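Each chain, written out:
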Protein chains: 4
Amino acid sequence: MSSLWNHNISISIFGESHGPAIGVVIDNLPPGEYIDLEKLRQFMARRAPKKDGTTTPRGEQDLLQVMSGLLNNRTTGVPLCAFIQNTDTCSKNYLDLSRLPRPGHADYTGAMRYRGFNDVRGGGHFSGRLTAPFCFAGAVCGQILERRGIYTGAHIASIHGIADDVFSRTHVTKEDLLSVREKQFPIINDAQGARMQEDIRNARKGGESLGGLIECAAVNVPAGIGSPIFDGLENTIAQLIFGIPAVKGVEFGAGFQVAEMVGSQNNDPFYVDENGHIKTKTNNHGGILGGISSGMPITLNVAIKPTASIAKPQETVDFRAKTNETLQIQGRHDPCIVPRAVPCVEAAVNLALLSHMMDYPNF
Amino acid sequence: MSSLWNHNISISIFGESHGPAIGVVIDNLPPGEYIDLEKLRQFMARRAPKKDGTTTPRGEQDLLQVMSGLLNNRTTGVPLCAFIQNTDTCSKNYLDLSRLPRPGHADYTGAMRYRGFNDVRGGGHFSGRLTAPFCFAGAVCGQILERRGIYTGAHIASIHGIADDVFSRTHVTKEDLLSVREKQFPIINDAQGARMQEDIRNARKGGESLGGLIECAAVNVPAGIGSPIFDGLENTIAQLIFGIPAVKGVEFGAGFQVAEMVGSQNNDPFYVDENGHIKTKTNNHGGILGGISSGMPITLNVAIKPTASIAKPQETVDFRAKTNETLQIQGRHDPCIVPRAVPCVEAAVNLALLSHMMDYPNF
Amino acid sequence: MSSLWNHNISISIFGESHGPAIGVVIDNLPPGEYIDLEKLRQFMARRAPKKDGTTTPRGEQDLLQVMSGLLNNRTTGVPLCAFIQNTDTCSKNYLDLSRLPRPGHADYTGAMRYRGFNDVRGGGHFSGRLTAPFCFAGAVCGQILERRGIYTGAHIASIHGIADDVFSRTHVTKEDLLSVREKQFPIINDAQGARMQEDIRNARKGGESLGGLIECAAVNVPAGIGSPIFDGLENTIAQLIFGIPAVKGVEFGAGFQVAEMVGSQNNDPFYVDENGHIKTKTNNHGGILGGISSGMPITLNVAIKPTASIAKPQETVDFRAKTNETLQIQGRHDPCIVPRAVPCVEAAVNLALLSHMMDYPNF
Amino acid sequence: MSSLWNHNISISIFGESHGPAIGVVIDNLPPGEYIDLEKLRQFMARRAPKKDGTTTPRGEQDLLQVMSGLLNNRTTGVPLCAFIQNTDTCSKNYLDLSRLPRPGHADYTGAMRYRGFNDVRGGGHFSGRLTAPFCFAGAVCGQILERRGIYTGAHIASIHGIADDVFSRTHVTKEDLLSVREKQFPIINDAQGARMQEDIRNARKGGESLGGLIECAAVNVPAGIGSPIFDGLENTIAQLIFGIPAVKGVEFGAGFQVAEMVGSQNNDPFYVDENGHIKTKTNNHGGILGGISSGMPITLNVAIKPTASIAKPQETVDFRAKTNETLQIQGRHDPCIVPRAVPCVEAAVNLALLSHMMDYPNF
């Protein structure tokens, strides 16, 4: 299924960028959960385009309207559907894309998959705009997790080589996560953040775009969540993370660094802390062993490629005529989607955690 | 489901390391496919322990017996079950693990997940031994793919920092893949391979273990395989790859390097080649755009952590008594599982590709 | 998942009777299929309330608006979402239902399932109104099937003991199916239909409701569609049919009559017809053997209970106070839902057939 | 998937009648559940052929060996695989079936589905023998349900028109269910049972077979189990019941009788009993309203067709040569599978109930 994720919780995402609406159906949420709509709005605002020159200027509406599954702000237990009607679409610039695919985009592969019948306007169903319903679903799950003490947070770890500070893999706290979530530009080290923003504005002026890295952590996940082999937390989180356009890699804990390690370096020694809790002294395992949570913070990094749409002329083909061509994309472009991808990564982790939590006997 | 992957093809893996048997049920294979059992045996031999001091000395049987779904060496179309009866198990060394979890292992998290009822002997269902049925399933799928011209191959990209050469992301061929698959120690550059083997033997002597990196590629995958959002090739491959124990990261194409790039570097220009085929000049996208194959080689890297079981003394806890303890693991240990994980990575990619291919109209 | 059916095609139904909207997301439809919206409207009109005293007088809007997945009237291949905004809701009469469950309704069981958080107004997610998106999905699938020559049709087989004629299980034709589908009151024998309508109007006057039977057939289904054990056509059709509220039984071919038969009566002899096609002389198997289509017409009967909402006083309980009470339901009621359930049964069969057809190599 | 049922619990059935083995993988059982193997053996014995002339004389082994998922007789929480190696197979009589399909059997439809590659010997994967792993899975679930007070039982309601007594839909007890389960020939009224057995023996002598009806009930299911629309208890039970070969119909509660009823007859009045429990005075709803359990006994009837294999000559075709032929089946045949289908129906209900129970907060 292209756009259905079917786990204990299922989410079915629909919509094309320039079609009538985009949205999501979330099934099997626990009944009776209070959903704070103002908090949802704040979460969605983190994904929304900014007016500071660091994002697309498209004036998107971002708060989804709830159509079902919520009564008096509480989940009813039946499917929760929410959607946004599309506005401010400007389709005329996209007509060529059905012949001249943008390098780095799904224009060509989408046409091959759907035999030319897919909607190419604005990227259609492949548009980054579809991360709005995805974020919405993750934000709903996040509120349910927070009621149980579990907090997720992410920040820009680097953009185009400019690095932020990192979370402590062993001691990151709920407060660390909340503090970065409150910022307009989600970064720990504001000085580095200012350098990044400058770099993004320069990229925009130069018709360029920039890639980056996102670090995410979740705290207070109890030990014992997840399953071996195909249904571990890593499998599920990775599957969801690659649902965010532009992601090209994901790693947990020490991630790719483990390739250079020896066992006695990489193995995280267990100890009993002063409260009688079992912990590990290091957290190279990123809070997950054998697919199952250890009780340590869950940590991951996600690689985001530069936005494919750039203003510079690019080599492409007319894939119907089979000729080599040059493409110059007109109009609006988003010089760096990394900041807006930050809440998407959190959303993916929230979805995975809540869904797996539902296997937990005391949930 | 802990051990069920349910896509167009489903695989259900069962067994515990020291239980009566381990195996797999593969459902929905196309009927009438010839399966060459000798080729299967060769594939499985790549995963089997070697006698050269670089792997575990456990004398495992590795060729699974087929119990159903195959008649006259052709798939019947109904579930194919294969299993191995366990032999050469030596359980007495494992009894402590139900109290003293090995750092880096799933002993503790498994006990939390299954409330102490899981079989800890030999790692139980979390054992690397379960990769045998996983490989078997991938080997069956590989034969069906090769009949359609699609070849997958992987090699050790590095061990403990010693690097092999790399595949050409744009021009890797079937022959490149076959040539590395034929080697006992799956490496492109044999001189580097010799250095790695030496390093592994030293690690074994020192009671240590080593991590590494695996590079995998698949060629001749037609454009248009996969789906957007949750069911793309990247999602599926990642979900399966994290089913291999010890994997801590996965990246496609340029992977984590995209984080430092600008768009005009990262975007792969399209062109029409001399045969009228549409290709890209570079392959930072690793053959996948928007979750869908582009026709370029599919390439990925996988990070493997050092084997958790090492002979050195380690700090752990008695998680029932809640006391700090020291653990020294007796008996056999595998100083580096990276070589044996190579066919597992191929298997995961084969499973993902064949399953997605079944959506393809001309399959 | 309460309201998700996940097969080759998936449908996710959402909405509550008196909430903002109801609708459906259909995923994995083949791309490029022309959808005739006027034909869809006609299908939906068959489910809509009539003004002749035989149905609920609720002035429901019944044509769903398409939000995604359709471009220039052709499926794009990505999720098709359609919904109806609810109007003409009148919720005040329903408030008691959160304490005084209607006999025969899901008021009590829904409250137990969702711990009292479900929306009881108008039956909420349990309302017969949710058959509108269900029908819509089935109507879309029906158009795709008809393009491949497969036609489905259903009629009222009986209401409150008044019987219609029956389809010929061996020789029912596309024309037979179309002829009954064109009628306002879906019946073969119009004289019997007139008696039924009279009976329904009397029931309405008496504050009563009536049960009935629906017969459905599908023709030109090629042999070889379906699978053994859990994924046969009977399993799938039955699973979907019980998604229509008020269904209490389903039988295929000779159905419950087989219980009184001997083998030589029940077994349908094969023969080669004048065109070289393999057929059976009788069709007690209802076109399905071992879960797989035989090429003969697929036939089934579905039992529909009388609408639970009646105007007569009924015994119930206050399930919070645990006291015995009497309930008299005010307002509109639907004396017989059998006619409106007819297109729902067709829809279920269409969904099952199209989804299974997608496994078929030449689809 | 042909033979995978994937719900909260999944079962994957494999094997062909004359292949090396048949078996089942059950995933996601709760950990720590004690499984009494002697009770399992007793359950399986109810499905086994008898030596009294009423069943097939095939000397099948029926107790499956457990390969994984069980340690010290307790579930470990990971997949439980069990299988039987096939013995006493006699394949030579089946060779013609690849050309001359048996009327009423899946020989023809299986060949169409699997393009002639399926194993036809003994019916292959379509054999009634595959109900052994199905029963095994249901028996395991039954023990877990009984630990929570839930009991399931079934009996022959009729064979070839000879009727047994029926369970009280409102007052059937655990003792009623256990009493019929203990009998060799599962019947309430032994006098009627004797008549049935005589009729079966006569059928066998005459080369005939007999159809029948099975009634099943489950008691002490708490209110609130199940879900609306596609995932109700009726949907799930029906989907599983049609996994038993020869089933042609299923009905719940009053079933097909509701078609002749008026609402005030069919609606079951609620009342508070002397212990403060909410019950209904009648149980036409069969314990399920809106897909969700009401706390009343769950009751259903299942129609079983006469065994397709009979000794009398039958008309068939050579479906490769496209000629009309006569078939006379040699060797063993089972004159009535209704008694052996009784535990299969229980097994299906057990699987559905346990799987749905796992959504229940206090499970």
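Scroll up for the structure.
Please read all numbers here as calculations on a predicted model, not as lab measurements.

A. Quick peek at the relation of the copies chain A and chain D. Between chain A and chain D, which share one sequence, the superposing operator has a rotation angle of 180° and an axial displacement of 0.0 Å; the RMSD is 0.0 Å. In symmetry terms, the pair is related by a two-fold rotation axis. Same-surface contact between copies: 75% of interface residues of chain A are shared with the interface of chain D.

B. Spotlight on the interface of chain B and chain A. If you look at the interface, chain B gives 101 residues, while chain A gives 101 residues. Between chain B and chain A, the buried area comes to about 7700 Å², and carbon and sulfur atoms account for 64% of it. The largest contributions to the chain B side of the interface with chain A come from B:Phe230, B:Lys248 and B:Phe270, which together make up 12% of the buried area. Of the charged contacts, one joins A:Lys248 and B:Glu234 as a salt bridge, the two residues approaching to 2.7 Å between their closest N and O atoms. Take the side of chain B that touches chain A: its biggest share by element is 6 residues, from strand 11 (residues 247-252) of chain B. Pairing of strand 11 (residues 247-252) of chain A with strand 11 of chain B involves 3 bridges; the strand directions are antiparallel. Bridge pairing links A:Val250 to B:Val250 in strand 11 of chain B.

C. Focus on the pattern of salt bridges. Throughout the structure, instances matching the rule amount to 56 salt bridges over all chains. For B:Asp318, the salt bridge identified is with B:Arg99, shortest N-O distance 2.9 Å. Highlighted residues: B:Asp318 in strand 17 (residues 314-318) and B:Arg99 in the loop between strand 7 (80-85) and helix 2 (107-113), separated in sequence by 219 residues. In this structure, B:Asp107 engages B:Arg102 in a salt bridge whose closest nitrogen and oxygen atoms are separated by 2.7 Å. A relative accessible area of 5% places B:Asp107 in the buried class. If you follow the salt bridges from partner to partner, you end up with A:Glu33, A:Arg147 and A:Arg148 in one network.

D. Fine view of the packing of helix 6 (residues 233-241) of chain D against helix 8 (residues 338-357) of chain D. All names here are of chain D. Two elements in contact, helix 6 and helix 8, have axes whose closest approach is 9 Å; the angle formed by their N-to-C orientations is 140°. In terms of axis orientation, helix 6 runs oblique to helix 8. The element helix 6 and its partner helix 8 pack so that their crossing is right-handed. When helix 6 is examined against helix 8, the residues Leu233, Thr236, Ile237, Leu240 and Ile241 are found in contact with a partner set consisting of Val345, Ala348, Val349, Leu351, Ala352, Leu353 and His356.

E. Looking closely at the side chain of D:Ser158. All names here are of chain D. Mapped onto the elements, serine 158 comes out in strand 8 (residues 151-159). Its relative accessible area of 8% is what places serine 158 among the buried residues. Discounting residues that sit within four places of it in the chain, serine 158 has contacts with Ala163, Asp164, Met196, Gly212, Leu213 and Val338.

F. Looking closely at the interface of chain A and chain D. At the interface, 4 residues of chain A touch 4 residues of chain D. Each partner contributes to the roughly 210 Å² buried at the junction of chain A and chain D, and carbon and sulfur atoms together form 37% of this total. For the pair chain A and chain D, the number of links is 0 salt bridges. The tally of links between chain A and chain D comes to 0 residue pairs in polar contact (both at pLDDT 80 or more). Class assignment of the residues belonging to the side of chain A that touches chain D gives a composition of 2 nonpolar, 1 polar and 1 charged.

G. Seen up close, helix 3 (residues 131-147) of chain B. The terminal C-alpha atoms of helix 3 of chain B lie 24 Å apart, and with 17 residues this matches the ideal 24 Å at 1.5 Å per residue to within 8%. Taken from the residues just after helix 3 of chain B, B:Gly149 is the one with a positive phi, measuring 90°.

H. Geometry of the sheet that holds strand 7 (residues 80-85) of chain A. All names here are of chain A. One open sheet holds the 5 strands; their spatial order is 1-2-3-7-4, and the pairing between them is antiparallel. For this open sheet the edge positions go to strand 1 (4-6) and strand 4 (65-66), each flanked by a neighbour on one side alone. Inspection of the sheet shows strand 1 paired to strand 2 (residues 10-15) by 3 bridges, in the antiparallel sense. Considered in strand 2, the bridge of tryptophan 5 is made with isoleucine 11.

I. Broad picture of the relation of the copies chain B and chain A. Superposing chain B onto chain A takes a rotation of 180° combined with a translation of 0.0 Å along the rotation axis, leaving an RMSD of 0.0 Å. When you check the interface residues of chain B against chain A, 100% turn up at the interface there too, and the contact is symmetric in its surfaces.

J. Region of interest: the pairing of strand 2 (residues 10-15) of chain D. Residues and elements named next belong to chain D. Where burial is concerned, most of strand 2 is hidden: 6 out of the 6 residues are buried. Both faces of strand 2 are covered, namely the face carrying Ser10, Ser12 and Phe14 and the face carrying Ile11, Ile13 and Gly15. Linking strand 1 (residues 4-6) to strand 2, which pair antiparallel, is a turn of 3 residues. When strand 2 meets strand 3 (residues 21-27), the two strands line up antiparallel, connected through 6 bridges. Each residue of the ladder has a partner; that of serine 10, found in strand 3, is aspartate 27.

K. Quick peek at the packing of aromatic side chains. Under the criterion given, the structure shown has 23 aromatic pairs over all chains. Where D:Tyr108 meets D:Phe319, the ring centres are 5.6 Å apart and the plane angle is 75°; that geometry is what we call edge-to-face. With D:Tyr108 in helix 2 (residues 107-113) and D:Phe319 in the loop between strand 17 (314-318) and strand 18 (323-327), the pair connects residues that are 211 residues apart, well separated along the chain. The pair D:Tyr108 / D:Phe319 is uniform in exposure class, with both members buried. Pairwise contacts between aromatic rings join A:Tyr108, A:Phe319 and B:Phe270 into one cluster. C:Arg46 extends its terminal NZ or CZ atom over the ring of C:Phe43, reaching a point 5.2 Å from the ring centre.

L. Layout of the sheet that holds strand 4 (residues 65-68) of chain B. All names here are of chain B. With antiparallel pairing, 5 strands are arranged side by side in an open sheet as 1-2-3-7-4. Since the sheet does not close on itself, it has two edges, and those belong to strand 1 (4-6) and strand 4, each with one partner. Going from strand to strand, the sheet's axes swing by 15° on average, the running direction of each strand aside. This element, helix 3, spans strand 2 (10-15), strand 3 (21-27), strand 4 and strand 7 of the sheet and lies at about 30° to strand 3.

How each quantity is defined
Residues numbered from 1 in each chain as written. Chains lettered and ligands numbered in written order. Predicted model: local features only at pLDDT ≥ 70, side-chain atom pairs only at ≥ 80, totals over all residues. Heavy atoms only, no water. Least-squares fit on C-alpha atoms with pLDDT ≥ 70 in both. Contact = heavy atoms within 4.5 Å. Buried area = accessible area lost by both parts, 1.4 Å probe. Salt bridge = Lys/Arg side-chain N within 4 Å of Asp/Glu carboxyl O. Helix = DSSP H or I, 4+ residues; strand = E, 2+ residues; numbered from the N terminus. Pairing = 2+ DSSP bridges. Buried < 20%, exposed > 50% of the residue type's maximum accessible area, 1.4 Å probe, protein only. Axes fitted to C-alpha atoms, helices over the stretch in contact; angles between N-to-C directions. Parallel < 35°, antiparallel > 145°, perpendicular 65-115°, else oblique. Left-handed = near helix turned anticlockwise from the far one by under 90°. Polar contact = N/O pair within 3.5 Å; in protein donor to acceptor, adjacent residues only side chain to side chain. Nonpolar A, V, L, I, M, F, W, Y, C, P; charged D, E, K, R; others polar. Expected span 1.5 Å × (residues − 1). Phe/Tyr/Trp six-rings, centres within 6.5 Å; stacked < 30°, edge-to-face > 60°. Lys NZ or Arg CZ within 6 Å of the ring centre and 35° of its normal.

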